[in-house]
Amino acid sequence: MQSTENATQSLMYITNRPDIVFTRGAGSWIFDSEGKRYLDFIQGWAVNCLGHCHPAMIEALETQARQLINPSPAFYNEPMANLASLLTEHSVFDKVFFANSGAEANEGAIKLARKWGKKFKNGAYEIITFDHSFHGRTIATMSASGKAGWDTMYAPQVPGFPKAELNDIASVEKLIGDKTVAVMLEPIQGEGGVIPATREFMRELRELTKRHGLLLIVDEVQSGCGRAGTLFAYELSGIEPDIMTLGKGIGGGVPLAALLSKAEVAVFEAGEQGGTYNGNPLMTAVGYAVIKTLTAPGFLEGVRARGEYLRAQLLELSAERGFEGERGEGLLRALMLGKDIGPQIVEKARELQPTGVLLNAARPNLLRFMPALNVTDDEIDQMMAMLRTVLDSL
């Protein structure tokens, strides 16, 4: 048996990782192989919406693992059907396709929009997306993304994704042409630095797309599943999109994603979409437990209350330290630092003794906070105290 240190050498390099190995987690806390604990305000990049190892998820995994793990996506299974029904019951959508990651769900949304354009809009295929957006790491979703440098990383890009400016409706309208089939956006640009689309912009965008006969696609991989304080972020604007993608929080930590659409947009034909593990009963059983927890009476009200509490604490810190305020929705928030000290803060916070805190700098000049949706006020207070300790040391 290899030591953990030696075993990590077998992993392909894809990013700089700190020299720690995590071994267990519970709620808002995660522990490394040396026994040190960390207050986790990243939670797998907004994935662990119920924190680490939530009892409802463990029960779902244990129960389903003894019944059926993988019958093949060529057949129906009970958890798949139950989760699809639960999602349509709590949204404006009629049809669901399950996938394994947000990128895969977004790839499916691109395919679905292009198929709809081929069928109903004279072969239109262009999807207007936005600067600073992030839609995944496949070739097509990287092309759809507005992340700097991604246009040359694996060139040539997939064509058909002109870029507009978020919250600038004129920048969208000027890109609409005969080849345009849809507009795709994150209601909150997470990787872009927690930049929300305004309520007004979302409503203007829905009116504009309807006027031109275009589909509206919301990428809620990061902003969905309770993260924004509502079950889905599009609800904040009171609009009805045509297509929505989910990932991250829908599985609470297991690989699960979903593509949802209105019935009239669900135009896939046999053989045009699929995947070996799509709708896997083990994963969808967990997804069902997660969504049932999120939609239980009072849960989302609690998310909104804790989001407001975190917001107030960040604004107080910002005023105290001369920072530039905060932004976000629910429990997806950013502290605007006004200078490029985010990575330093992240490293020092992780290295605090005897207890560390896990933070994220989505941009060098800000910190992004993505705690468990059931984080407590006391844990928010602990995080803020540790953050102040780090700031004092800079």
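Above this text sits the structure in question.
Residues numbered from 1 in each chain as written. Predicted model: local features only at pLDDT ≥ 70, side-chain atom pairs only at ≥ 80, totals over all residues. Heavy atoms only, no water.

Student: Just give me the short version of the overall build of the protein, but keep the residues and values in it.
Tutor: Across its full length, the protein holds 13 helices and 17 strands. Taken against the 2.2 N^0.38 rule, which gives 21 Å for 394 residues, the C-alpha radius of gyration of the protein at 21 Å falls within 12% of a compact globule. Within the span of the protein, comprising 394 residues, buried residues form 53% of the whole. Total accessible area computed for the protein in this model is approximately 17,700 Å², and 51% of it derives from carbon and sulfur atoms. Each charge class in the protein can be summarised by its mean position, and for the 38 positive and 47 negative side chains these summaries are 3 Å apart. (Helix = DSSP H or I, 4+ residues; strand = E, 2+ residues; numbered from the N terminus. Rg over C-alpha atoms; globule rule 2.2 N^0.38 Å. Buried < 20%, exposed > 50% of the residue type's maximum accessible area, 1.4 Å probe, protein only. Areas by Shrake-Rupley, 256 points an atom, 1.4 Å probe, with all protein chains shown as cover. Lys, Arg positive; Asp, Glu negative; His and termini not counted. Charge placed at Lys NZ, Arg CZ, Asp CG, Glu CD.)

Student: Can you lay out the environment of Leu260 for me, pointing to particular residues and giving the numbers?
Tutor: Its location among the elements puts Leu260 in strand S12 (residues 257-261). Classification of Leu260 as buried rests on a relative accessible area of 0%. Spatially, the C-alpha atom of Leu260 lies 38 Å from that of Ile20, the residues being 240 residues apart in sequence. Dropping the residues within four chain positions of it, Leu260 is found in contact with Leu87, Ser91, Phe93, Lys95, Val96, Asp242, Ile243, Met244 and Leu246. (Contact = heavy atoms within 4.5 Å.)

Student: Could you give an account of the state of the cysteines, with specific residues and numbers?
Tutor: A complete count under the given rule lists zero disulfides for this structure. We note that Cys53 lacks a disulfide partner, and the nearest cysteine sulfur, in Cys49, lies 13 Å from it. Between Cys225, a free cysteine, and Cys49, which holds the nearest cysteine sulfur, the sulfur-to-sulfur gap is 6.6 Å. (Disulfide = S-S within 2.5 Å.)

Student: Kindly report on the pattern of salt bridges, identifying the contributing residues and their values.
Tutor: Going through the model one piece at a time under the given rule, you end up with 16 salt bridges. The salt bridge involving Glu272 is made with Lys115; its shortest N-O contact spans 2.8 Å. Taken as a pair, Glu272 in the loop between S12 and helix H10 (281-294) and Lys115 in helix H5 (residues 102-120) lie far apart in primary sequence, 157 residues in all. For Glu272, a relative accessible area of 33% gives the class partly exposed. Residue classification places Lys115 among the buried residues on the basis of a relative accessible area of 14%. We note a salt bridge from Glu320 to Arg388, for which the minimum N-O separation is 2.9 Å. (Salt bridge = Lys/Arg side-chain N within 4 Å of Asp/Glu carboxyl O.)

Student: Pulling in residues and values, what's your account of the nonpolar core?
Tutor: Core analysis: the largest hydrophobic core is formed by 78 residues, its most contacted members being Leu87, Leu185, Leu294, Leu359, Phe369, Met383 and Leu387. Sequence-distant contacts of Leu387, that is, excluding residues within four places in its chain, are made with Leu317, Leu335, Ile345, Leu359, Leu367 and Phe369. In this structure, Phe161, Val181, Ile243 and Leu259 belong to the second largest nonpolar core, which totals 18 residues. (Core = buried A, V, L, I, M, F, W, Y, C linked by side-chain atoms within 4.5 Å.)

Student: Mind laying out a nonpolar patch on the surface, listing which residues take part and the relevant values?
Tutor: Taken together, Ile139, Met153 and Tyr154 make up a surface patch of nonpolar side chains, about 320 Å² in accessible area. Tracing the sequence through the fold places Ile139 in helix H6 (residues 139-144). (Patch = residues over 30% accessible without salt bridge, like charges linked within 9 Å, V, L, I, M, F, W, Y side chains within 5 Å.)

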